[in-house]
Every structure is written in C-alpha cells, then in structure tokens.
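# Examination of the molecular architecture
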Amino acid sequence: MTLLSMCMIIFFARIIDVSLSTIVTVLTVKNKRILATILGFIDVIIWFLVVREALTTNIKSIWIAISYALGYAIGTFTGTTLSNKLINGKISMQVVLDKKSEEKINEIRNKGFAVSQVNCTGKDNTSKLMLFIELDKKNLNDLKTIINKIDENAFMVINETKYVVNGFFK
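Residues numbered from 1 in each chain as written. Predicted model: local features only at pLDDT ≥ 70, side-chain atom pairs only at ≥ 80, totals over all residues. Heavy atoms only, no water.

## Here's the deal with the pattern of salt bridges
- Under the criterion given, the structure shown has four salt bridges.
- Taking the shortest distance from any N to any O, the salt bridge between Lys 30 and Glu 160 comes out at 3.1 Å. Residue Lys 30 is found in the loop between helix H1 (3-29) and helix H2 (33-56), and its partner Glu 160 is found in strand E4 (residues 155-161); the two are separated by 130 residues along the sequence.
- A salt bridge links Asp 136 to Lys 90; the shortest N-O distance between them is 2.4 Å. (Salt bridge = Lys/Arg side-chain N within 4 Å of Asp/Glu carboxyl O. Helix = DSSP H or I, 4+ residues; strand = E, 2+ residues; numbered from the N terminus.)

Here's what the structure looks like:
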C-alpha cells in the first residue's frame, strides 16, 4: 500500500469514526440509549481498525499522523454539523423585554409559540417583562426574529432542555 492510499484511508475513516462518536455523545445526552449503543459499537470497530492499521504499518511517515489528526478535526466538525441537523431537541428560552413591549407579546403567541410572562425589575429599577418559552430547536431562528422586531435590545438566554412534561408546543 502506498503512503498516499494509507493516508487517505486513515483520513476518511477518522472522519466517519469521529462523526459517529460525536453523534453518539449527543444521543446519549438526549437519552436515546439504543441508537447511541448501536452507533457506538460501529464507531469503536472503525476506530480500532484505523488505529491498528496506523500503528502497525511498515510505512514510516509523519503524514500518517497528520492524516489521523486531520481526520479527527474534520470528523468533529462534520459530527457536530450532522447532530445539529439530524437530532432535533427542545430548548428553553428566557427573554427580558422592556415593559412597553407587553402589548406586542401576542405577536409571539399568534405565531404559535406558548409564552409565560412575569413582571420583573431591571438593573436600573426599570419595569421589565420576563418571558419563558419552550420550543423545538428548529423554530429558534424564527422566534429570535420575532423577538428582535418587538424589542431590538431584548436579552435572551437559550438552553437545551432535557425533559418537558405537559405544556404546549408549536
């Protein structure tokens, strides 16, 4: 086997292996254990075969290590990109708006989002509104656009949600 073919095999196998590993991590966090277990098994088989090949080859070249590391880096990028596209989840959003935006909150509700609101006080003792919104991650950009139209200075905090019980979703 030539150096180029060895490097290409290691590079592409690492992209697949690390992409799978990244997806397995996301699935594990989202409590999708069966799929995570199956993909984890495939991931480790690929990893084992690639490491064995890289360490036992008669070809001695820094390009093998570079191919291994570059495959890892691109696999991380690919895996996170695929996870964001393929694995939907729920997110929690807290938004602080100026009190004068109160009448515009129905714009968010009219777009199908469930909103709970609480009166609160800002840093300078100004009256504010805090909104609590649970939504599917795929709807985040739409909601951010609506909120920015209502109050361009809105303070938004967005977190992944592990479990949701009851409630309403768009």
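## As for the packing of H1 against H2
- In contact at an axis separation of 9 Å, H1 and H2 are set at 155 degrees when each is read in the N-to-C sense. As judged from the angle between their axes, H1 and H2 are roughly antiparallel. In terms of crossing hand, the pair formed by H1 and H2 is left-handed. The residues of H2 that touch H1, namely those facing Met 6, Ile 10, Ala 13, Arg 14, Ile 16, Asp 17, Leu 20, Ser 21, Ile 23, Val 24, Leu 27 and Thr 28, are Leu 35, Ala 36, Leu 39, Gly 40, Ile 42, Asp 43, Ile 46, Trp 47, Val 50, Glu 53 and Ala 54.
- A per-class count over the contact of H1 with H2 returns 16 nonpolar, three polar and four charged. (Axes fitted to C-alpha atoms, helices over the stretch in contact; angles between N-to-C directions. Parallel < 35°, antiparallel > 145°, perpendicular 65-115°, else oblique. Left-handed = near helix turned anticlockwise from the far one by under 90°. Contact = heavy atoms within 4.5 Å. Nonpolar A, V, L, I, M, F, W, Y, C, P; charged D, E, K, R; others polar.)

## Notes on the packing of aromatic side chains
- One pass over the full model with this rule turns up one aromatic pair.
- Plain terms: the ring middles of Phe 11 and Phe 12 are 4.9 Å apart, the flat faces sit at 75 degrees to each other, and that makes the pair edge-to-face.
- When the ring centre of Tyr 68 is taken as reference, the NZ or CZ atom of Arg 14 above it lies at 4.2 Å. (Phe/Tyr/Trp six-rings, centres within 6.5 Å; stacked < 30°, edge-to-face > 60°. Lys NZ or Arg CZ within 6 Å of the ring centre and 35° of its normal.)

## A short note on the side chain of Ser 83
- Here Ser 83 lies in helix H3 (residues 62-86).
- In terms of polar contacts, Ser 83 uses its side chain to reach the backbone carbonyl oxygen of Gly 79, at 2.9 Å.
- Every residue in contact with Ser 83, bar those within four places of it in the chain, is listed here: Thr 22, Ile 23 and Val 26. (Polar contact = N/O pair within 3.5 Å; in protein donor to acceptor, adjacent residues only side chain to side chain.)

## Things to note about the nonpolar core
- By size, the foremost hydrophobic cluster in this structure holds 18 residues, and its most contacted members are Ile 108, Ile 133 and Ile 147.
- Elements with a minimum of two residues in this core: strand E1 (90-98), helix H4 (105-110), strand E3 (127-136) and helix H5 (140-150).
- Here this core gets five residues from one element, more than from any other, and that element is H5. (Core = buried A, V, L, I, M, F, W, Y, C linked by side-chain atoms within 4.5 Å. Buried < 20%, exposed > 50% of the residue type's maximum accessible area, 1.4 Å probe, protein only.)

## Side note on H3
- Between the first and last C-alpha of H3 there are 35 Å, a value that for 25 residues agrees with the 36 Å anticipated at 1.5 Å per step.
- Turning to H3, its buried residues number three or more, namely Ile 64, Ser 67, Gly 71, Gly 75, Gly 79 and Ser 83.
- Here the buried face of H3 lies against H1 and H2. (Expected span 1.5 Å × (residues − 1).)

From the geometry alone we can't say anything about function, so treat these as descriptive.
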